[in-house]
Each structure stands twice: as C-alpha cells, then as structure tokens.
Amino acid sequence: MTDPHSGSCHCGAVRFEVKLEGASISEGIYRCNCTLCRKKGIVMKPMPAEAFALVAGQESLSVYQWNKNIAAHYFCKTCGVYTHHRRRRDPSQISVNFECLEGVETPSAESIGLANGAEHE
Ligand SMILES: [Zn+2]
C-alpha cells in the first residue's frame, strides 16, 4: 500500500485520505481503555493532523464531545461509524479508525498497543 491511504465510513458518505510519507500504516496502532473507547471497541492509528484530509462528507459528520471537551470524536450521521478524532492528549494529532482504511488487514492482538485513557478521565 502506498500513500495516500484512502479511508471511509461504512456507507461511503464520509471519505478521507491519510499521507504518512512512507511510514508504516500499522505502526503505533492502539486501543484505549477509557470509557468511550472501550464501548466503541476500535483500533486507532495516530498521526499529525496535517497527515489527515477529509475528502468528502463534512455535512455527514457528527461530533461527540464529553468530559473536558478537548477531544472531538467524529462519526457518520448515516451509518454511525466512527471515522476519526482529535486527540485529547495532543490536539495537534488525529487518530483514525484503523479498519476504515482501505486494504488493511485486521491487526493481530499483539500488534495493538494500549493507551491508558482511563487514567486521564
Ligand atoms: Zn456513513
């Protein structure tokens, strides 16, 4: 897989591109143990905000904020799939839903890190 990587929600209304300048698409992927991420059950891929570009679907996105309202969790209004969020720990970073990316394999459990988001609540 080469740059840019394309991603989308399930219904296709929301589409985005990720440019990683040759870095591995699966490097640094993680789950988070905060109350929200546990319920979503997703694997995320972090990156600088500049690496992420929304290609389509701005009007289809809804945003969920809670707690300190620093992080912004975006999801498709139609199919409900979480696509990406601005990170609370570092708002200059975006994490995307890894399995929204085209052509990626479902990662093995050993390759997934754990962010201790519960401690930040
Ligand atoms: Zn959708």
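Asker: What is the right way to read the overall build of the chain from this model?
Answerer: What the chain contains, in helices and strands, is one helix and ten strands. Along the chain, from the amino end to the carboxyl end, the secondary structure elements read β-β-β-α-β-β-β-β-β-β-β. Expected size for 121 residues packed as a compact globule is a radius of gyration near 14 Å; at 13 Å, the chain falls within 12% of this value. A principal-axis box enclosing the C-alpha atoms of the chain has dimensions of 35 × 35 × 25 Å. Expressed as a percentage of its 121 residues, the buried residues of the chain come to 40%. By sequence separation, contacts in the chain at least 24 residues apart represent 54% of the contacts at least 6 residues apart. For the chain, the accessible area works out to roughly 6800 Å², and carbon and sulfur atoms hold 48% of it. When the 13 basic and 13 acidic side-chain charges of the chain are each reduced to a single mean position, those positions are 10 Å apart.

Asker: I keep staring at the coordination of the zinc ion and nothing clicks. Help me out?
Answerer: Each donor-metal-donor angle in an ideal tetrahedron of four donors is 109.5 degrees, and each such angle in an ideal octahedron of six donors is either 90 or 180 degrees. For the zinc ion, the full set of protein donor atoms is Cys9 (SG), Cys11 (SG), Cys76 (SG) and Cys79 (SG), and the range of their distances to it is 2.2 to 2.4 Å. Because the angles between the four donor atoms bound to the zinc ion fall within 105 to 118°, the donor set is best described as tetrahedral. Going along the chain, you hit the donors of the zinc ion in the pattern C-x1-C-x64-C-x2-C. Among the residues examined, Cys9 registers a relative accessible area of 4% and is labelled buried.

Asker: What exactly am I supposed to notice about unusual backbone geometry here?
Answerer: For residues besides glycine, phi is generally negative; the peptide bonds are generally trans as well. Of note, Asn67 is a non-glycine position whose phi angle comes to about 55°, a positive value. A positive phi angle, close to 55°, is found at Asn69, a residue other than glycine. One can find Asn69 in the loop between β6 (61-64) and β7 (72-76).

Reading the values: rules and limits
As a convention, each chain's residues are numbered from 1 in the sequence order in which they are written. Totals for whole chains, interfaces and linings use all residues, but because this is a predicted model, local features are given only for residues with pLDDT of at least 70 and pairs of side-chain atoms are given and counted only at 80 or more. Side-chain measures here rest on the full set of heavy atoms in the structure, leaving out hydrogens and waters. Going along the chain from the N terminus, every DSSP run of H or I of four or more residues is numbered as a helix, and every run of E of two or more is numbered as a strand. We compute the radius of gyration from the C-alpha atoms alone; for a globule the expected value is 2.2 Å times N to the 0.38, where N is the number of residues. Residue burial is assigned from relative accessible area. The probe radius is 1.4 Å, only protein chains are included, and a residue is buried under 20% of its type maximum, exposed over 50%, and partly exposed in between. Contact between two residues is taken to exist if any of their heavy atoms lie within 4.5 Å; hydrogens are not considered. Every accessible area reported is derived by Shrake-Rupley at a probe size of 1.4 Å, with residue values counting cover from the shown protein chains alone. Under the convention used here, Asp and Glu are negative, Lys and Arg are positive, and both His and the chain ends fall outside the count. Every charge is mapped onto a representative atom, which is NZ of Lys, CZ of Arg, CG of Asp or CD of Glu. Coordinating donors are taken as N, O and S atoms within 2.8 Å of the metal, stretched to 3.2 Å for Na, K and Ca; because water is absent from the atoms, sites can appear incomplete. Sites are called tetrahedral only when four donors show all angles between 85 and 135 degrees, square planar or octahedral only when four or six donors show opposite pairs over 155 degrees and all other angles between 65 and 115, and irregular in any remaining case.

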